[in-house]
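Given next are the chains, with one letter for each unit.
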Amino acid sequence: MSTAERAAAADDGGELERLRAEVRDLRARARVRPLISQAQGILQERYALPDGESAFALMQRASQRYNVKLRTLAGVLVTAPRPAGPDALWFPRRVREPEPDLTFTQAHRSGSGSRSAVLKAVLRATLAVTGTDMGNVQLPDLARGGLRIEQHTGLTAEFVDFFAHVGEDGTSCAQAARDVAQVTVRDVESDPVFSEPARRAILAAGSRACHSVPLTTASGLCVGMVSAHLDRPLNGLTTAQTKALDSVGGQAGRWLAWHERTVVLDALEHLHALGRATRGTRLRRS
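Residues numbered from 1 in each chain as written. Predicted model: local features only at pLDDT ≥ 70, side-chain atom pairs only at ≥ 80, totals over all residues. Heavy atoms only, no water.

Visitor: Teacher, can you tell me more about the overall build of the chain here?
Guide: Along the backbone of the chain there are eight helices and six strands. For the chain, the sequential pattern of α-helices and β-strands runs α-α-α-α-β-β-α-β-α-β-α-β-β-α. Across the 286 residues that make up the chain, the buried fraction comes to 47%. Considering only contacts in the chain between residues 6 or more positions apart, those separated by 24 or more positions represent 64%. (Helix = DSSP H or I, 4+ residues; strand = E, 2+ residues; numbered from the N terminus. Buried < 20%, exposed > 50% of the residue type's maximum accessible area, 1.4 Å probe, protein only. Contact = heavy atoms within 4.5 Å.)

Encoded structure:
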């Protein structure tokens with residue numbers, strides 16, 4: 001192949017990757033946009049707002065005030081029961097509880113709304129125990145069901161795109177969520193837990209084994225999932241490793257439940273107060 005041909009091939013490869021990245025970005029936007037639009041419609045009706053832009057601005061202000069992602073805020077907003085009346089508190093009977101402590105990180109002490117920092121710490125702790133640098137954290141998708149990726153490291157863009165949302169079967173993380181128990185996949189290539197498309201996507205990302213750990217509340221409810229991926233088949237984890245991961249999963253699950261009952265609901269209460277105060281007013285996003 002001549003120099004000119006190699007240059008042309010390189011240009012074609014670069015253009016192909018650019019197009020693939022653009023498609024991944026479009027898919028990511030398409031996953032979030034319907035949820036945001038649904039939340040905007042609810043807010044427009046509830047607070048007599050003149051347009052969707054005003055509803056978005058209302059969500060944005062509450063999101064920034066409490067450091068809660070717009071997607072998270074919208075997901076809770078569309079699934080929570082509406083306020084009892086236009087002048088009522090949204091959640092008048094909720095009991096405020098102290099923030100649970102975490103022994104594997106101090107990220108939660110950085111202030112309310114530090115969920116991203118806590119999830120990153122959960123992922124770091126899990127990867128340290130399992131001895132790998134590939135993994136992800138998933139949270140329940142309140143609007144669609146299943147799990148969605150919230151944090152990840154060491155995984156390809158194609159992997160993150162393929163597993164951005166997973167349903168209730170076809171993956172080890174789905175089984176771990178369903179059983180509320182740790183699941184070890186010793187060899188991705190042969191384990192029957194995976195659907196064939198999922199298996200191919202995992203192998204293409206360089207993962208040959210994985211281990212999923214549910215993040216659980218004190219009552220045993222699964223409120224998230226952390227998974228480690230390894231580039232080699234896995235003989236299994238030791239009792240000490242699974243015990244350490246149980247501790248991380250339990251602490252993280254209790255903290256996530258507290259965060260949703262406290263910080264996220266504080267953000268919704270703030271949004272409700274803003275909506276009442278600006279009823280019928282045209283707002284602009286910052």
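Visitor: I would appreciate a short explanation of empty space enclosed by the protein in the present structure.
Guide: A probe matching the size of a water molecule, rolled over the atoms, marks out where space remains unfilled. Taken as a whole and judged by the stated rule, the model has one cavity of 30 Å³ or more. Approximately 110 Å³ is the volume attributed to the largest cavity. What lines the largest cavity is a set of 15 residues, and nearest its centre among them are N136, F159, F163, C173 and H229. Mapped by element, the contributors of at least two residues to the lining of the largest cavity are β1 (134–140), α6 (172–179), β5 (209–216) and β6 (222–230). Residues that form the lining of the largest cavity fall into these classes: eight nonpolar, seven polar and no charged. (1 Å grid on protein atoms, 1.4 Å probe; cavity = no way out; pocket = protein on both sides within 12 Å on 5 of 7 lines; lining within 4 Å. Points joined across faces, edges and corners; volume = space filled by probe spheres on them. Nonpolar A, V, L, I, M, F, W, Y, C, P; charged D, E, K, R; others polar.)

Visitor: In this structure, what is going on with the pairing of β5? I would like to understand it.
Guide: The side chains of a regular strand alternate between both faces of the sheet. Burial analysis of β5 places eight of its eight residues in the buried class, which makes it a mostly covered element. In β5, alternate side chains face the same way, and those of A209, H211, V213 and L215 on one face and C210, S212, P214 and T216 on the other are all buried. Bridge count for strand β4 (residues 183–185) against β5 is three bridges, and the pairing is antiparallel. If you follow V183 over to β5, its bridge partner there is S212. Across eight bridges, β5 lies against β6 in antiparallel orientation. Bridge assignment links T216 to a residue of β6, and that residue is C222. In this antiparallel pair of consecutive strands, β5 and β6, the connection spans five residues, and G220 shows a positive phi of 90°. (Pairing = 2+ DSSP bridges.)

Visitor: Honestly, the nonpolar core in this entry has me stumped. Any pointers?
Guide: The tendency in soluble globular proteins is for nonpolar side chains to be buried side by side. One finds L43, M59, L73, L77, L268 and L271 to be the most contacted residues of the largest nonpolar core, which totals 54 residues. Residue assignment for this core shows that the elements contributing at least two residues are α1 (3–46), α2 (52–66), α3 (70–79), α4 (115–130), β1, β5, β6 and α8 (239–277). It is α8 that provides the largest number of residues to this core, a total of 12 residues. When near neighbours in sequence (up to four residues on either side) are disregarded, L77 contacts A39, I42, L43, W90, L268 and L271. By size, the runner-up hydrophobic cluster in this structure holds 22 residues, among which are F163, C173, A198 and C210. (Core = buried A, V, L, I, M, F, W, Y, C linked by side-chain atoms within 4.5 Å.)

Honestly, it's all geometry; don't read function into it.
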